[in-house]
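Descriptive analysis of the structure
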There are 2 protein chains.
Amino acid sequence: MRLSRYFLPVTKETPSDAQIVSHKLMLRAGLIRQTASGIYAWLPLGLRVLNKIEQIVREEQDKAGAIEMLMPTIQSADLWRQSGRYDAYGPEMLRFTDRHEREMLYGPTNEEMIAAIFRDAVKSYRDLPRTLYHIQWKFRDEVRPRFGVMRGREFLMKDAYSFDLDEAGLQASYEAMFVAYLRTFARLGLQAVPVRAPTGPIGGNLSHEFHILADTGESAVFYDAALEDVSRDELLSADASTIAKLTGLYAMEEEEHQKVENCPVSADRLRTRRGIEVGHIFAFGTKYSASMGMTVQTRDGGQVHPQMGSYGIGVSRLMGAIIEASHDDNGIVWPDSVAPFQAGLVNMRADDAACAAASDDIYAKLQAAGVEVLYDDRDERGGAKFATMDVIGLPWQLIVGPKGLEKGVVELKRRATGEREELSVEAALARLTSQ
Amino acid sequence: MRLSRYFLPVTKETPSDAQIVSHKLMLRAGLIRQTASGIYAWLPLGLRVLNKIEQIVREEQDKAGAIEMLMPTIQSADLWRQSGRYDAYGPEMLRFTDRHEREMLYGPTNEEMIAAIFRDAVKSYRDLPRTLYHIQWKFRDEVRPRFGVMRGREFLMKDAYSFDLDEAGLQASYEAMFVAYLRTFARLGLQAVPVRAPTGPIGGNLSHEFHILADTGESAVFYDAALEDVSRDELLSADASTIAKLTGLYAMEEEEHQKVENCPVSADRLRTRRGIEVGHIFAFGTKYSASMGMTVQTRDGGQVHPQMGSYGIGVSRLMGAIIEASHDDNGIVWPDSVAPFQAGLVNMRADDAACAAASDDIYAKLQAAGVEVLYDDRDERGGAKFATMDVIGLPWQLIVGPKGLEKGVVELKRRATGEREELSVEAALARLTSQ
């Protein structure tokens, strides 16, 4: 993509209401723009990152055997009356009436809807187990939206729902999602700590939250230091022993930790850090299958309410969490897996015909090799171009200038480390195309 | 995908409120499920088709130079007060207040929001022209939702917005989208007729609707018979002469046709058919840039309101239109370009170990070759399996039975023609992997 034809409104100012670094950087780097309190438009660069995060989430759901579908954003209040949650859910639920005065709502979650769909479609044990998921916009009318996309009102969530014949099946479905979550966050370059959670308004008997450790997290997490020693490779190849280890190690949010009378972790091994909740999984048994009247025939001819679980990931929130975990004074430092482009190509002198021709040629070759490249071909000062590249945080910067070209070299900079290297055009292309 | 682990609630009954064939078939084939009046959940098979349609739309937008972003579904009423449309838009706009009593709405379109974003980000002629688009859920509170996803309330729309310095630029942007639309519909296997349209509430001075000709269309279209002679190749390679030809040939919706005093088409060349509107493009000049206070500096230091256009495609509606145009008595006949899977693999005897092993082997080979295949491995009667395959309309069916295997053959059926052919497993695999 040529920057001269792109839409990337990078700004130097930081809006006064942006309190945390990810919010500031998302605005400065032209990723998002606020359109109402707690509601954001995703500008082209931001959408590219959002799509990459979403795709990693999707791939790990698919790998876990979950099946993708898509439920609508608007729901009927009647659905929520069947489960009894319509009156119980607080003012975070956006409620309204349509032109025929029917009560409707913008879905904050989908337990009722998926239960109704599954109830009407499935009657036999042969069609279980199943886990269905969708990635859809949700709305929660936060009383005080803040921290940009971290606590916005309209947000993108992946929510999965599992249906099993018995508790052992539910346990297996829960563990499959547990593994998917570990792999998802590891692929996003994040260290996530699974925290045993109270089940709250969704109800049930087993639940974990996944927290990214970052100083700007909204809650304090107390955990066993051994959790810090789990390697990325262990998370990616999570097996039964990894799950047993992770679920066995102590980790609690502050409020729950305070209730624990005898913490099993000795003081020298107990760590506390701030955490950003990016995922939450629940095994809640028959709460919704019973209230929504869902029954299936068992192999021996009986009838049971399926055992259900639900599994959420805050897809849009993850972008903020990734930036909180990966930035420096000059801007964002994207992990390779979610970078909007892999490389930025900087023509230092757009007014120099030879330099422009060489840059155009490199751009064409990178594109032909399938490298996602953002080409700054604008007639601007080099300093402004460097500042833009640093704030938007692409993993590599390839800098082409007249002096280097005379010597037959270009400069390759790794954003994360700041390392710069002079090398031939061919060597630079080889480096980028082998990533 | 193994059907035994999929979620495909195919039904034999047709709900009584489904009046048109696409609505009936989408319900019967397990593509969608109604969750409220005019609101549908996209079941796994339906989502696969929706994603393919969306991707073709996206590729043609990108090819035309448009840049993708994503605006939120919920908008502030204040935005619409700036353009003066808040009061003018009728009861189709879903309005509500949030918990702080701020007036909000579910966006039916995005002229105001994109104008505000562009206004705040762009100040110079150097940043024009630009065309931005997004593919997002919209809501229009239809008084009488009907025809399934063809006239639903929550629907997926691609809407693009162009910004140019002058009218000549707007004309060029309009034509680029015109070409993108011709290519998009041709790739979807549809014959679309561009109809000169009145500009209506969006305002402006040049507008075309794109209609798919189908007996169940909601409006009558009168057009020059020569429009039927435009070939698919002409549409795919649309150049200036194709545009001139298509925009020059007479085509009008009934209401507009009635107003024409001297129809330029002779009676023997005038055709009339029902049309389904799947796209609508407008060049409306400075209507929104002026009302929303958008100005940019020109090359000579002056200030102008950019010339704008907007360009919509009903992405979810297209699924209904494609089915209206391509089905038979047994079910849907998907064009290859949007089929949810390219092939269905039918094991005729899941209880026969040799037949199951042979089917499993073919399934593994098709997957390894990258063929999207839905494998009916269930223990069901052959007749039920054939009926399912026909109603869901995958382009190819590969049928594996014990008798054929004894002779070393399988059966390959082309859904569109019903042609069946016996051939060796190797030959069948070669045929499917070369598609």
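Predicted model, so just to flag it, every value in this text is computed and none were measured. (Residues numbered from 1 in each chain as written. Chains lettered and ligands numbered in written order. Predicted model: local features only at pLDDT ≥ 70, side-chain atom pairs only at ≥ 80, totals over all residues. Heavy atoms only, no water.)

1. Quick notes on the overall build of chain A
Here is the rule: A helix here means a DSSP run of H or I that spans at least four residues, while a strand means a run of E at least two residues long, and both kinds are numbered starting from the N terminus. Throughout, the radius of gyration refers to the C-alpha atoms, and the reference size of a globule is 2.2 Å times the residue count to the power 0.38. Buried residues are those whose accessible area, probed at 1.4 Å on protein chains only, stays under 20% of the maximum for their type, while exposed residues exceed 50% and partly exposed ones sit between those limits. In this description, contact between two residues means that some pair of their heavy atoms is separated by no more than 4.5 Å.
Counting its regular elements, chain A contains 15 helices and 23 strands. In summary, chain A has a C-alpha radius of gyration of 25 Å against a globular reference of 22 Å for 435 residues, a match within 12%. Expressed as lengths along the three principal axes of its C-alpha atoms, the size of chain A is roughly 80 × 60 × 45 Å. Relative to its 435 residues, chain A shows a buried fraction of 58%. Taking as baseline every contact in chain A between residues at least 6 positions apart, the subset at least 24 positions apart corresponds to 70%.

2. Points about the relation of the copies chain B and chain A
Selection rule: We superpose the copies by least squares over the C-alpha atoms of residues that have a pLDDT of at least 70 in both of them.
Superposition record for chain B on chain A: RMSD 0.0 Å, screw rotation 180°, translation along axis 0.0 Å. The relationship between the two copies is best expressed as a two-fold rotation axis. Among all C-alpha atoms of chain B, that of F96 of chain B lies closest to the rotation axis, at 3.0 Å. A shared binding surface is used by both copies, with 100% of the interface residues of chain B retained as interface residues in chain A.

3. Thoughts on the packing of aromatic side chains
Operational definition: In this scheme Phe, Tyr and Trp rings, the latter by its six-membered ring, pair at centre separations within 6.5 Å, and the angle between planes marks the pair as stacked below 30 degrees, edge-to-face above 60, and tilted otherwise. Here, a charge over a ring is recorded when the distance from Lys NZ or Arg CZ to the ring centre is within 6 Å and its angle to the ring normal is within 35 degrees.
Scanning the model with the defined rule gives 28 aromatic pairs over all chains in all. A ring pair is formed by W80 of chain B and Y89 of chain B, whose centres lie 5.6 Å apart and whose planes are at 85°; its orientation type is edge-to-face. Y89 of chain B carries the same exposure label as W80 of chain B, and that label is buried. Ring pairing ties together the aromatic residues Y106 and F139 of chain A together with Y106 and F139 of chain B, which thus form one cluster. Directly above the ring of Y86 of chain B sits R95 of chain B, whose terminal nitrogen or CZ lies 4.6 Å from the centroid. The positively charged end of R420 of chain B is found above the aromatic ring belonging to F386 of chain B, 5.8 Å away from the centroid.

4. Let's talk about the pairing of strand β5 (residues 94-97) of chain B
All names here are of chain B. Applied cut-off: When DSSP locates at least two bridges between a pair of strands, those strands are taken to pair.
Of the two faces of β5, the one holding L94 and F96 is buried and the one holding R95 and T97 is not buried anywhere. For β5 and strand β6 (residues 103-106), the ladder comprises four bridges, and the chain directions are antiparallel. Bridge pairing in β6 links R95 to L105. In textbook terms, the turn of a hairpin is the stretch between consecutive antiparallel strands, and for β5 and β6 this stretch comprises five residues, one of which, E101, has a positive phi near 65°.

5. Looking at the interface of chain B and chain A
Condition: Each of two parts loses accessible area, computed with a 1.4 Å probe, when they are put together; buried area is these two losses added. A side-chain nitrogen of Lys or Arg and a carboxyl oxygen of Asp or Glu constitute a salt bridge if their distance falls within 4 Å. Throughout this description, a polar contact denotes any pair of N or O atoms lying within 3.5 Å of each other; where both atoms belong to protein, one of them has to be capable of donating a hydrogen while the other can accept it, and for residues adjacent in sequence the pair is counted only when both atoms sit in side chains. Only Asp, Glu, Lys and Arg are considered charged in this grouping, and only Ala, Val, Leu, Ile, Met, Phe, Trp, Tyr, Cys and Pro are considered nonpolar; every other residue, Gly among them, is considered polar.
Counting from both sides, the interface comprises 55 residues of chain B and, opposite them, 55 residues of chain A. Summing both partners gives a buried area of about 4,500 Å² for chain B against chain A, and 63% of it is carried by carbon and sulfur. Contact with chain A buries area across many residues of chain B, yet F7, L70 and R99 of chain B alone supply 15% of it, more than any other trio. Our enumeration of links across chain B and chain A arrives at four salt bridges. Counting across the chain B and chain A interface gives 22 residue pairs in polar contact (both at pLDDT 80 or more). Here the residues of the side of chain B that touches chain A sort into 32 nonpolar, eight polar and 15 charged.

6. Remarks on the domain arrangement of chain A
All names here are of chain A. Test applied: As used throughout, domain bounds are those supplied by an automatic or database domain assignment.
Domain boundaries in chain A define domain 1 (8-328) and domain 2 (341-433). Computed over C-alpha atoms only, the centres of domain 1 and domain 2 are separated by 39 Å. When domain 1 packs against domain 2, close to 740 Å² is buried across both sides, 60% of that on carbon and sulfur atoms. Summed over the shared surface of domain 1 and domain 2, the number is three salt bridges.

7. Observations regarding helix α8 (residues 240-248) of chain A
Residues and elements named next belong to chain A. Let me state the cut-off plainly: To obtain the arc, one takes the directions from the helix axis to the C-beta atoms.
When we look at burial in α8, the residues that qualify are T242, I243 and L246. Across the axial projection of α8, the buried residues extend over an arc of 95°, all falling on one side. Along α8, exposed side chains directed more than 90 degrees from the buried face belong to A240, S241 and G248. Buried residues belonging to α8 abut α6 (167-187), β9 (192-196) and α7 (232-236).

8. Things to note about empty space enclosed by the protein
The condition is simple: Cavities and pockets are found on a 1 Å grid laid over the protein atoms alone: a cavity is a set of points where a 1.4 Å probe fits but cannot escape, a pocket is an open set with protein on both sides within 12 Å along at least five of seven lines, and a lining residue has an atom within 4 Å of such a point. Grid points are joined across faces, edges and corners, and a volume is the space filled by probe spheres set on the points.
Tallying each qualifying case throughout the model produces four cavities of 30 Å³ or more. Of the voids in this model, the largest cavity is the one considered here, and its volume is about 70 Å³. As for the largest cavity, its lining consists of P72 of chain A together with Y40, W42, W137, V149, G152, E154, F155 and S316 of chain B. Every element with two or more residues in the lining of the largest cavity is listed here: β2 (39-42) and β8 (154-164) of chain B.

9. Some remarks on the environment of M1 of chain A
Residues and elements named next belong to chain A. Within the secondary structure layout, M1 lies in the segment before α1 (21-28). Taking the C-alpha atoms as reference points, M1 and D361, separated by 360 residues in sequence, lie 14 Å from one another. Those residues in contact with M1 that lie beyond four places of it in its chain are Y6, F341, Y363, Q367, V373, L374 and Y375.

10. Quick word on the environment of M252 of chain B
Residue and element names in this part refer to chain B. Position of M252 relative to the elements: it lies in strand β12 (residues 251-253). Between the C-alpha atom of M252 and that of P198, which follows or precedes it by 54 residues, the distance is 9.6 Å. What M252 contacts, discounting residues up to four positions off in sequence, is V195, R196, A220, V221, F222 and H257.

11. Description of the sheet that holds strand β4 (residues 74-76) of chain A
Residue and element names in this part refer to chain A. Going by this rule: All axes here are fitted lines through C-alpha atoms, helices being fitted over the stretch that makes contact, and every angle between N-to-C directions spans 0 to 180 degrees.
A sheet is described by the order of its strands in space; here three strands give the open sequence β4-β6-β5, paired in antiparallel fashion. Two strands close off the open sheet at either side, each with one partner strand: β4 and β5 (94-97). Averaged over all pairs of adjacent strands, the angle between strand axes in this sheet comes to 35°, irrespective of strand direction. Direction of pairing for β4 relative to strand β6 (residues 103-106): antiparallel, over a ladder of three bridges.

12. Details of the side chain of K138 of chain B
All names here are of chain B. Locating K138 in the fold gives a position in strand β7 (residues 130-139). Judged by relative accessible area, which is 1%, K138 ranks as buried. At 2.7 Å, the side chain of K138 and the side chain of D159 are in polar contact. When residues no more than four places from it in sequence are discounted, the contact partners of K138 are Y106, G107, P108, T109, N110, R153, E154, F155, M157 and D159.

13. Notes on the sheet that holds strand β20 (residues 373-376) of chain B
Residues and elements named next belong to chain B. With mixed pairing, five strands are arranged side by side in an open sheet as β20-β19-β21-β22-β23. Among the strands making up the open sheet, the edge pair consists of β20 and β23 (420-424). Across the sheet, the mean angle from the axis of one strand to that of its neighbour is 25°, orientation sign disregarded. Note: strand β21 (residues 396-400) against strand β22 (residues 409-414), four bridges, orientation antiparallel. Each bridged residue has a counterpart across the sheet, and for L398 the counterpart in β22 is L412. Seen against the sheet, helix α12 (residues 353-368) touches β19 (343-347), β20, β21 and β22 and runs at an angle of roughly 170° to β20. Strands in contact with helix α15 (residues 425-433) are β19, β21, β22 and β23; relative to β23, the strand with the most contacts, it is inclined by about 115°.

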